[in-house]
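Observations on the model geometry
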Amino acid sequence: MGSTAGALTGGEAFPDSPAQSKPAEPATAPSSGEKTIKNPSISANDHAHWKPRVNPWLIAMTVALAAFMEVLDTSIANVALPHIAGDLGVSTDEGTWVLTSYLVANAIVLPLGGWASNLIGRKNFFLLCITIFTVSSFACGIAPSLPILLLCRVLQGAGGGGLQPMAQAIMADSFDERKRGQAFALYGLVAVLAPSIGPSLGGWITDSYSWRWIFYINIPVGILAYVLVTRMVEDPPWIKPDRSKLFNMDFMGLTFLTLAMGGLQIMLDKGEENDWFASNFIRFFAVTFVVGIVGLIVWELRQKDPLINLRLFKFKNFAICCFLMMLVGGVLNASTVLQPQFLQQLLGYTATNAGLALTAGGVSLLVVMPFAGWATGKFPARNVAACGFIIFAFSFWYSTTQLSLDMSFANASWLRVIQLAPIPFAFISITTAAYVGMPKEASNQVAGLINFVRNIGGSVFIAITGAEVTNRSLYHEAHLQQNMTSLNIPYKQYSQGLGAVMGQDFGSANSQAKASGNIYQMLQQQAAMLGYQDVYKMLFWMALGMVFLAFMLNKNRPGGGSSDIAMH
């Protein structure tokens, strides 16, 4: 695997893995973007023994702070949309562009971290992203109209797009391979906990103060993160800024990426309210996505120095990890949306209370994450991932048995704990396995792509599960309506009895019609509940399939190094 690394990096030679290293040969005719190394053996030795000057855990907490701020913003604005729309004098449908604009810009920048780090250095790029995100957060807070707010959200999403992958890449390079799983436990806590507390925190801030404060709270955090990164973070020796990349930028690749991600995000976010492919609006963006993604793949694979190094997917381990991470991101985001949606629509919870029901699951992560990081350092990553997916399957099966119209707040909180318990085992092990067999110089690209597919999975699964809840609810409603006839004795007796009670309470006029309306409302609630149960069953079967996919990963030796793969 290591012997093919140089050919797969699109113009930048990577050293072979230790297990497969060969005597170095003089570099000849370097391709575009490739740097000639006079003494490869010394350079490789320096790379292998480089360590940051500052304690790696201080570095990890610093970059995690910036990443937490960004991940929080992907969900904190959701519950504030009605307030934003009302304050700016627009409809709720128009207000949803506040989310869509952020996600589109975020998705475009996520995979560009490798290129940007090679251009100006990873630390400088990280600081630039913090600055853009913080300044645009202030601009969002003072925005006087929806168009200005959307423009600021695009800038905020662009700045935030580089924070997650660069934080992960900095952690990967700051820790040796034996402790990398524990470092990723901290990153996993950020990636999972922030979306969990975002809705409840956003609801509390909006109800207690104003929706503008959900953006203002980023300012002190951003300033603190900037100061700490400036003092603690440094680039490793293999990251050398190359300003010439700015003039040789792959503009065609960027164009295809923008078309693909813009088309996909708009299609997914607006599909439900526009009746999906029955709408010309949705069909247009579906075609835009297909043209963009096909063009991106074909174009990038033909470039010597691509904007996004898609050749990394030739590494089987990395490709499987990306697919699994896409599913994990999808499951995490879908379940984060499904449960509060169920509580609000069917049980009458407020947005704040629905968010609070998720809080117990977030708190449980504080206990599970360190244990999952320890397990990844002691057992092969694929074994830990498989255990996580088995628990996943159990949690979704358990969810189908517990969802009911009389579910208590305590039961809802416990259900969230069960759903989040397997996340750390799957998340940390897959993130760790993604670096197995990969050269250190690829860490920026690996981090960018693994976070990119996780976010894409979240967007896709939120749209799919939301549409599936609607479709299955309609199916069950049609099925249950077949029993609402005078030929059905239990229905007839219940309807007449309810009509008599309503006649006593509200008068005899139209009492039977009111009784029928009341029964139909209960039928719709039952049908919707069955729809949610069907979606959890779908996630159950998908989790079982992920167990088998986990065993397709290479069996690394825990603590043996990123390139140390058990050979069979």
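Residues numbered from 1 in each chain as written. Predicted model: local features only at pLDDT ≥ 70, side-chain atom pairs only at ≥ 80, totals over all residues. Heavy atoms only, no water.

Overview of the overall build of the protein chain
- Along its length, the protein chain carries 24 helices and 0 strands.
- Expressed as a percentage of its 568 residues, the buried residues of the protein chain come to 55%.
- Long-range contacts, defined as pairs at least 24 residues apart, comprise 81% of the intrachain contacts of the protein chain with a sequence gap of at least 6.
- Looking at the protein chain as shown, the accessible area adds up to about 24300 Å², and 64% of this sits on carbon and sulfur atoms. (Helix = DSSP H or I, 4+ residues; strand = E, 2+ residues; numbered from the N terminus. Buried < 20%, exposed > 50% of the residue type's maximum accessible area, 1.4 Å probe, protein only. Contact = heavy atoms within 4.5 Å. Areas by Shrake-Rupley, 256 points an atom, 1.4 Å probe, with all protein chains shown as cover.)

Some words on the side chain of Gln-533
- Residue placement: Gln-533 occurs in helix α24 (residues 511–550).
- Side-chain polar atoms of Gln-533 contact the backbone oxygen of Leu-403, separated by 3.2 Å.
- Those residues in contact with Gln-533, other than ones at most four positions away along the chain, are Thr-400 and Leu-403. (Polar contact = N/O pair within 3.5 Å; in protein donor to acceptor, adjacent residues only side chain to side chain.)

As for the environment of Phe-452
- Take Phe-452: it is sitting in helix α22 (residues 443–481).
- With near-sequence residues (within four places) excluded, Phe-452 lies in contact with Ala-107, Leu-110, Pro-111 and Met-261.

Some words on the pattern of salt bridges
- Under the criterion given, the structure shown has 5 salt bridges.
- In this structure, Arg-53 and Glu-234 form a salt bridge, with 3.5 Å as the shortest nitrogen-oxygen distance. Residue Arg-53 is located in the loop between α2 (40–49) and α3 (56–73), and its partner Glu-234 is located in the loop between α13 (218–232) and α14 (244–247); the two are separated by 181 residues in the primary sequence.
- Given the relative accessible area of 64%, Arg-53 is considered exposed.
- Arg-212 is the salt-bridge partner of Asp-87, the closest N and O atoms lying 3.5 Å from each other. Here Arg-212 lies in the loop between α11 (180–208) and α12 (213–216) and Asp-87 lies in helix α4 (residues 81–88), a separation of 125 residues in the sequence. (Salt bridge = Lys/Arg side-chain N within 4 Å of Asp/Glu carboxyl O.)

What to know about the packing of helix α19 (residues 381–402) against helix α21 (residues 423–434)
- Here α19 crosses α21 at 150°, and the two axes come no closer than 8 Å. With respect to α21, the axis of α19 lies roughly antiparallel. Handedness of the crossing formed by α19 with α21: left-handed. Contacts from Ala-381, Val-384, Ala-385, Gly-388, Phe-389 and Phe-392 of α19 reach α21 at Ile-423, Phe-425, Ala-426, Ser-429, Ile-430 and Ala-433.
- The residue inventory of the contact of α19 with α21, partitioned by class, reads 10 nonpolar, 2 polar and no charged. (Axes fitted to C-alpha atoms, helices over the stretch in contact; angles between N-to-C directions. Parallel < 35°, antiparallel > 145°, perpendicular 65-115°, else oblique. Left-handed = near helix turned anticlockwise from the far one by under 90°. Nonpolar A, V, L, I, M, F, W, Y, C, P; charged D, E, K, R; others polar.)

Thoughts on helix α17 (residues 316–347)
- For α17, with 32 residues, the first-to-last C-alpha span of 45 Å sits near the 46 Å given by 1.5 Å per residue.
- Among the 32 residues that make up α17, 23 are buried, leaving the element largely enclosed by the rest of the structure.
- One or two residues past the end of α17 sits Gly-348, with phi positive at roughly 75°. (Expected span 1.5 Å × (residues − 1).)

Focus on the environment of Val-469
- Positionally, Val-469 belongs in helix α22.
- Remark: the alpha-carbon pair of Val-469 and Leu-530, spanning 61 residues in sequence, is separated by 8.7 Å.
- The contact partners of Val-469, leaving out residues within four places of it in the chain, are Leu-338, Gly-531, Tyr-532 and Val-535.

Points about the packing of aromatic side chains
- Following the criterion strictly, the structure yields 19 aromatic pairs and no others.
- Ring centres of Phe-396 and Tyr-536 lie 6.1 Å apart, and the angle between their planes is 25°; on these two criteria the pair is classed as stacked. Of this pair, Phe-396 sits in helix α19 while Tyr-536 sits in helix α24, and the two are 140 residues apart along the sequence. There is no split in this pair, since Phe-396 and Tyr-536 are both buried.
- Each residue in the set Phe-371, Trp-374, Phe-379 and Phe-425 is aromatic and connected to the rest through ring pairs, giving one cluster. (Phe/Tyr/Trp six-rings, centres within 6.5 Å; stacked < 30°, edge-to-face > 60°.)

Section: the environment of Asp-305
- Mapped onto the elements of the fold, Asp-305 is located in the loop between α16 (280–301) and α17.
- Through-space distance from the C-alpha of Asp-305 to that of Met-249 is 8.9 Å; in sequence the pair is 56 residues apart.

Side note on the side chain of His-476
- Topologically, His-476 is positioned in helix α22.
- Setting aside its immediate chain neighbours within four residues, His-476 contacts Ala-527, Leu-530, Gly-531 and Asp-534.

Looking at the packing of helix α8 (residues 122–142) against helix α9 (residues 146–161)
- Between α8 and α9, the least distance of the axes is 8 Å, while the angle of their chain directions is 160°. The angle between α8 and α9 places the two elements in the roughly antiparallel class. Pair α8 / α9 crosses with left-handed handedness. Across the interface between the two elements, Cys-129, Ile-132, Phe-133, Ser-136, Ser-137, Ala-139 and Cys-140 of α8 pack against Leu-149, Cys-152, Arg-153, Leu-155, Gln-156, Gly-159 and Gly-160 of α9.

What to know about a nonpolar patch on the surface
- There is a patch of nonpolar side chains on the surface, built from Leu-128, Ile-132, Leu-151 and Leu-155 and spanning about 340 Å² of accessible area.
- Put simply, the parts of the chain that give the nonpolar patch at least two residues each are α8 and α9.
- With respect to the helices and strands, Leu-128 occurs in helix α8. (Patch = residues over 30% accessible without salt bridge, like charges linked within 9 Å, V, L, I, M, F, W, Y side chains within 5 Å.)

So, the nonpolar core
- Core analysis: the biggest nonpolar cluster contains 155 residues, and Phe-126, Leu-149, Met-261, Phe-318, Phe-342, Leu-343 and Phe-389 have the highest contact counts within it.
- Among residues more than four places away in sequence, those in contact with Phe-389 are Leu-324, Val-328, Ala-426, Ile-430, Ala-543, Met-546, Val-547 and Ala-550. (Core = buried A, V, L, I, M, F, W, Y, C linked by side-chain atoms within 4.5 Å.)

Some remarks on the confidence of the model for the protein chain
- A residue-level look at the protein chain finds 83% of positions with pLDDT of 70 or above and a mean pLDDT of 79.
- In the model, residues 1–42 has pLDDT below 50 throughout and makes 56 contacts with residues more than four positions away in sequence or in other chains.
- Ignoring residues within four places in sequence, the model shows residues 560–568, a span with pLDDT below 50, making 25 contacts including any to other chains. (pLDDT = per-residue confidence, 0-100.)

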